[in-house]
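What follows is each chain in one-letter form.
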Amino acid sequence: MAGLTDEKIMYKVRDGELAELKQLFDRYNVPVYNFFLRLTAEAAISEDLTQSLFYRILRYRNSFNAAAGSFKSWMYQMARNLHADYCREKLRLSEVIKNVHEYPEDVLEKEEGFKEHDFEQLKKAMAGLGPVDRELIVLSRYEGLKYAEIAKMKSMSLSAVKVQIHRALKELRLLYFKQ
């Protein structure tokens with residue numbers, strides 16, 4: 001079973017073998033959590049969104065079609081939608097409740113060869129980007145999605161995605177080295 005592709009496993013889940021979703025969860029829960037963490041910068045929210053994503057995968061399993069794209073791109077499209085829903089809800093709540101205090105958790109990732117300061121500097125630079133640029137960098141560099149997959153997710157041409165990512169990376173470099 002370990003040699004099965006994500007798509008084959010998802011077809012099994014779609015056909016009612018719900019326990020097979022555990023394999024996909026084991027493969028993707030950490031990358032998805034990190035995706036949400038980079039977008040929200042809040043550990044608790046990222047955990048909730050990760051759990052909600054896998055619930056949605058289970059709930060909407062019948063909509064999966066490998067002919068339309070890979071499982072990974074289908075899953076990240078759901079993750080993007082979930083994050084957008086979260087942002088809309090957060091905006092709505094902030095309009096209802098004035099002067100809400102936010103307590104972002106500072107989550108540090110330990111990596112060999114990099115200092116904590118480097119990650120903090122990158123985190124600040126990423127926060128300085130617009131939400132579209134930040135999402136493009138997270139999807140392409142952190143989550144490893146191909147430009148063609150991102151183009152399909154965002155209903156853009158491949159060349160437009162390449163140009164936007166190039167500009168986003170250029171802006172990120174400026175923000176990073178300006179600190």
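A. Region of the structure containing the nonpolar core. Formed by 41 residues in total, the largest nonpolar core has its most connected members in Leu53, Ile57, Phe71, Met75 and Tyr76. Every element with two or more residues in this core is listed here: helix H1 (6–14), helix H2 (21–40), helix H3 (43–59), helix H4 (71–96), helix H5 (116–128), helix H6 (131–142), helix H7 (147–153) and helix H8 (158–178). Per-element tally for this core: the top contributor is H4, with 8 residues. Among residues more than four places away in sequence, those in contact with isoleucine 57 are Met10, Leu21, Phe71, Trp74, Met75 and Met78.

B. Focus on a positive patch on the surface. Taken together, the side chains of Arg141, Arg167, Lys170 and Arg173 define a basic patch exposed on the protein surface. The leading source of residues in the positive patch is H8, at 3 residues. Checked against the element boundaries, arginine 173 lands in helix H8.

C. Local environment of H5. Taking 1.5 Å per residue as the helical rise, H5 with its 13 residues ought to reach 18 Å, and the 19 Å between its terminal C-alpha atoms agrees with that figure. Listed in full, the buried residues belonging to H5 are Gln121, Ala125 and Met126. Relative to the axis of H5, the buried residues are bounded by an arc of 135° and lie together on one face. The exposed residues of H5 that point more than 90 degrees off its buried face are Lys124 and Ala127. Those residues of H5 that are buried are in contact with H6 and H8.

D. The arrangement of the environment of lysine 22 in detail. By the secondary structure assignment, lysine 22 is in helix H2. Using a relative accessible area of 53% as the deciding quantity, one classes lysine 22 as exposed. Taking the C-alpha atoms as reference points, lysine 22 and isoleucine 9, 13 residues apart in sequence, are found 9.7 Å from one another.

About the criteria used
- Residues numbered from 1 in each chain as written.
- Predicted model: local features only at pLDDT ≥ 70, side-chain atom pairs only at ≥ 80, totals over all residues.
- Heavy atoms only, no water.
- Core = buried A, V, L, I, M, F, W, Y, C linked by side-chain atoms within 4.5 Å.
- Buried < 20%, exposed > 50% of the residue type's maximum accessible area, 1.4 Å probe, protein only.
- Helix = DSSP H or I, 4+ residues; strand = E, 2+ residues; numbered from the N terminus.
- Contact = heavy atoms within 4.5 Å.
- Patch = residues over 30% accessible without salt bridge, like charges linked within 9 Å, V, L, I, M, F, W, Y side chains within 5 Å.
- Areas by Shrake-Rupley, 256 points an atom, 1.4 Å probe, with all protein chains shown as cover.
- Salt bridge = Lys/Arg side-chain N within 4 Å of Asp/Glu carboxyl O.
- Lys, Arg positive; Asp, Glu negative; His and termini not counted.
- Charge placed at Lys NZ, Arg CZ, Asp CG, Glu CD.
- Expected span 1.5 Å × (residues − 1).
- Arc of directions from axis to C-beta.

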